[in-house]
Amino acid sequence: MKQDQPRPTPRAGIMDIEAYVPGKSTAPAGVAKVYKLSANENPLGPSPKAIEAAREVAAKLDVYPDGSARRLREAIAEVHGLNPANIICSNGSDEILGLLAQSYLAPGDEAVFTEHAFMVYKIYIQAAGAKPVAVKETEERADIDAILAAVTPATRIVFLANPNNPTGTYVPFQEVRRLHAALPKNVLLVLDAAYAEYVRRNDYEAGIELAGSSENVVMTRTFSKLGLGGARVGWMYGPAHIVDAINRIRGPFNVNATAIEAGIAAIRDRAHIERSVAHNEKWLAWLSAELTGLGLRVTPSVGNFVLIHFPDGEKHSAAAADDYLSARGYILRRVTGYGFPNALRMSVGTEEANRGVIDALKTFLKS
Ligand SMILES: Cc1ncc(COP(=O)(O)O)c(C=O)c1O
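Residues numbered from 1 in each chain as written. Predicted model: local features only at pLDDT ≥ 70, side-chain atom pairs only at ≥ 80, totals over all residues. Heavy atoms only, no water.

1. Examining the overall build of the chain
Across its full length, the chain carries 12 helices and 13 strands. Its C-alpha atoms give the chain principal-axis dimensions of roughly 60 × 55 × 50 Å. Residues counted as buried form 53% of the 367 residues belonging to the chain. Nonlocal contacts in the chain, meaning residues at least 24 apart in sequence, comprise 74% of its contacts between residues at least 6 apart. (Helix = DSSP H or I, 4+ residues; strand = E, 2+ residues; numbered from the N terminus. Buried < 20%, exposed > 50% of the residue type's maximum accessible area, 1.4 Å probe, protein only. Contact = heavy atoms within 4.5 Å.)

2. Regarding the domain arrangement of the chain
Structurally, the chain comprises domain 1 (14-45 + 271-366) and domain 2 (48-269). If you look at the interface, domain 1 gives 34 residues, while domain 2 gives 32 residues. Across the domain 1/domain 2 interface, buried area totals approximately 2,700 Å², and carbon plus sulfur atoms make up 63% of it. One can count 1 salt bridge joining domain 1 with domain 2. The tally of links between domain 1 and domain 2 comes to 11 residue pairs in polar contact (both at pLDDT 80 or more). Within the residue set of the side of domain 1 that touches domain 2, elements represented by two or more residues are α10 (270-293), β9 (297-299), β10 (305-309) and β13 (340-347). Looking at which element gives the most residues to the side of domain 1 that touches domain 2, the answer is α10, with 7 residues. (Domains from an automatic or database assignment. Buried area = accessible area lost by both parts, 1.4 Å probe. Salt bridge = Lys/Arg side-chain N within 4 Å of Asp/Glu carboxyl O. Polar contact = N/O pair within 3.5 Å; in protein donor to acceptor, adjacent residues only side chain to side chain.)

3. Digging into helix α1 (residues 48-58)
Turning to α1, its buried residues are Ala50, Ala53 and Val57. The buried residues of α1 occupy an angular sector of 60 degrees when the element is viewed end-on, so they sit on one face. Set apart from the buried face of α1 by more than 90 degrees, the exposed residues are Pro48, Arg55 and Glu56. For α1, the N-terminal capping position is held by Ser47, with its side-chain oxygen 3.0 Å away from the main-chain nitrogen of Lys49. (Arc of directions from axis to C-beta.)

4. Examining the site of the ligand
In the vicinity of the ligand, the contacting residues are Gly92, Ser93, Asp94, Phe118, Asn165, Asp192, Ala194, Tyr195, Thr222, Ser224, Lys225 and Arg232. Thr222 places a polar side-chain atom, nitrogen or oxygen, 2.5 Å from an oxygen atom of the ligand. At 2.7 Å, a side-chain N or O of Arg232 approaches an oxygen atom of the ligand. Starting from 390 Å² of accessible surface for the ligand in isolation, the protein chains cover 93%. In terms of residues, the shell around the ligand owes the most to one element, helix α3 (residues 92-104), which gives 3 residues. In terms of residue class, the shell around the ligand is built from 3 nonpolar, 5 polar and 4 charged. (Near = heavy atom within 4 Å. Areas by Shrake-Rupley, 256 points an atom, 1.4 Å probe, with all protein chains shown as cover. Nonpolar A, V, L, I, M, F, W, Y, C, P; charged D, E, K, R; others polar.)

5. Considerations on the packing of helix α11 (residues 318-327) against helix α12 (residues 351-366)
Across the interface, α11 lies against α12 with an axial gap of 10 Å and an inter-helix angle of 125 degrees. Judged on the interaxial angle alone, α12 and α11 are oblique. Crossing angle aside, the handedness with which α11 passes α12 is right-handed. Here Ala320, Ala321, Tyr324 and Leu325 of α11 come into contact with α12, specifically with Val357, Ala360, Leu361, Thr363 and Phe364. (Axes fitted to C-alpha atoms, helices over the stretch in contact; angles between N-to-C directions. Parallel < 35°, antiparallel > 145°, perpendicular 65-115°, else oblique. Left-handed = near helix turned anticlockwise from the far one by under 90°.)

6. A look at the packing of α3 against helix α4 (residues 120-127)
Interaxial distance between α3 and α4 falls to 9 Å at its minimum, and their mutual angle equals 35 degrees. In this structure, α3 crosses over α4, and the sense of that crossing is right-handed. Note on element contacts: α4 touches α3 through Val120, Tyr121, Tyr124 and Ile125, opposite Asp94, Leu97, Gly98 and Ala101. Per-class residue counts for the contact of α3 with α4 are 6 nonpolar, 1 polar and 1 charged.

7. Observations concerning the sheet that holds β13
Spatial strand order, β9-β10-β13-β12: 4 strands in an open sheet with antiparallel pairing. For this open sheet the edge positions go to β9 and β12 (333-335), each flanked by a neighbour on one side alone. Within the sheet, the average angular offset between the axes of one strand and its neighbour, ignoring direction, is 35 degrees. Where β9 lies against β10, 3 bridges are found, and the strand directions are antiparallel. Note that in β10 the partner of Arg297 across the bridge is His309. Its contacts with the sheet place α10 against β9, β10 and β13, and it is angled at close to 10 degrees to β10. Contacts from α11 reach β12 and β13, with the element oriented near 35 degrees to β13. (Pairing = 2+ DSSP bridges.)

8. Side note on the nonpolar core
Within the largest apolar cluster, 53 residues are counted, with the highest numbers of intra-cluster contacts made by Leu72, Val158, Phe223 and Trp235. Residue contributions to this core peak at 7 residues, all from helix α9 (residues 257-268). Residue contacts for Phe223: discarding those within four places in its chain leaves Leu72, Ile76, Leu228, Gly229, Val233, Trp235, Gly263, Ala266 and Ile267. Counting 31 residues, the second largest nonpolar core, distinct from the first, contains Leu105, Phe118, Tyr121 and Phe340. (Core = buried A, V, L, I, M, F, W, Y, C linked by side-chain atoms within 4.5 Å.)

9. Some details on the side chain of Lys225
Looking at the element boundaries, Lys225 is found in the loop between β7 (217-222) and β8 (234-237). Side chain to side chain, Lys225 and Tyr195 meet in a polar contact 3.5 Å long.

Right, dumping it as structure tokens:
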């Protein structure tokens, strides 16, 4: 027995992981009204039907949920035309990304993602003891050839956020198909389509067909961007053998009772989803145009947020803008950790919030 360690120590590599830092949610003291635009939540809030369902479940919180979330899987399957047996629900889609890494990566393996990709991929790859391989993007967009060039015999997973956060850019599905066709069959392609509902492009697909017809593709989705960020509901669709592997290691009751009921009500409330998407379509275009009109560069986004780049120099830097906006109650997201030290990510908000940010930035840039 080893007696020389003064206390328990985590497995090698764990302490090399930089913990995920979520966006701020509070403003400095004294700010009367806070507009949280840092987490890509739905400015229209949850579906009223989901609120009602969550209220009803509150009286039965003593009862364990259905560990397989069968009714939620069936509701998702019905809406998307899928086989519920090929769906796994999770505590947010974050959880399923972690479970995929845990199941398919081991020390010595590699997993590929792009340089500005959603940050949890790297964390989960490292947590599995594998090597994270970040590849260059082209014009803040995933570059399929760069991804393919980074694949080695040690590669086990490619994570592709489509669209990506925090850039908001997407890869046309033809390109995703090209990536899939060129990948070795033993490499798992994870299509993270967290923002799929918001994308309004003819050449975009979330990946349902590809995941349904391949042995090495899964698609992950979330309810978080449609109004249930706090409930934590995510899901994965993929081939039976991958579903089988994940079901062996997930927590037996990984989706809680409130999440299940709120999720079922939310996905069936098509009107609320349509309202949310229409609101986003209108205000995403408005924000992008207004910000560009202020002389700020905006990465072209198809999600429910925009990445705003600030001019060089300290006076009008992203950090200065963040301080200025926060002091007025507008909480945006610093994205230094994503390789954008001089940009802020802003969620599309309510009309009041959107207009408020543009007015504040106008004054800020003149200051
Ligand atoms: C690209 C992407 N994938 C996955 C997630 C995870 O979302 P959740 O765990 O809330 O489902 C997010 C959330 O910000 C995201 O931006």
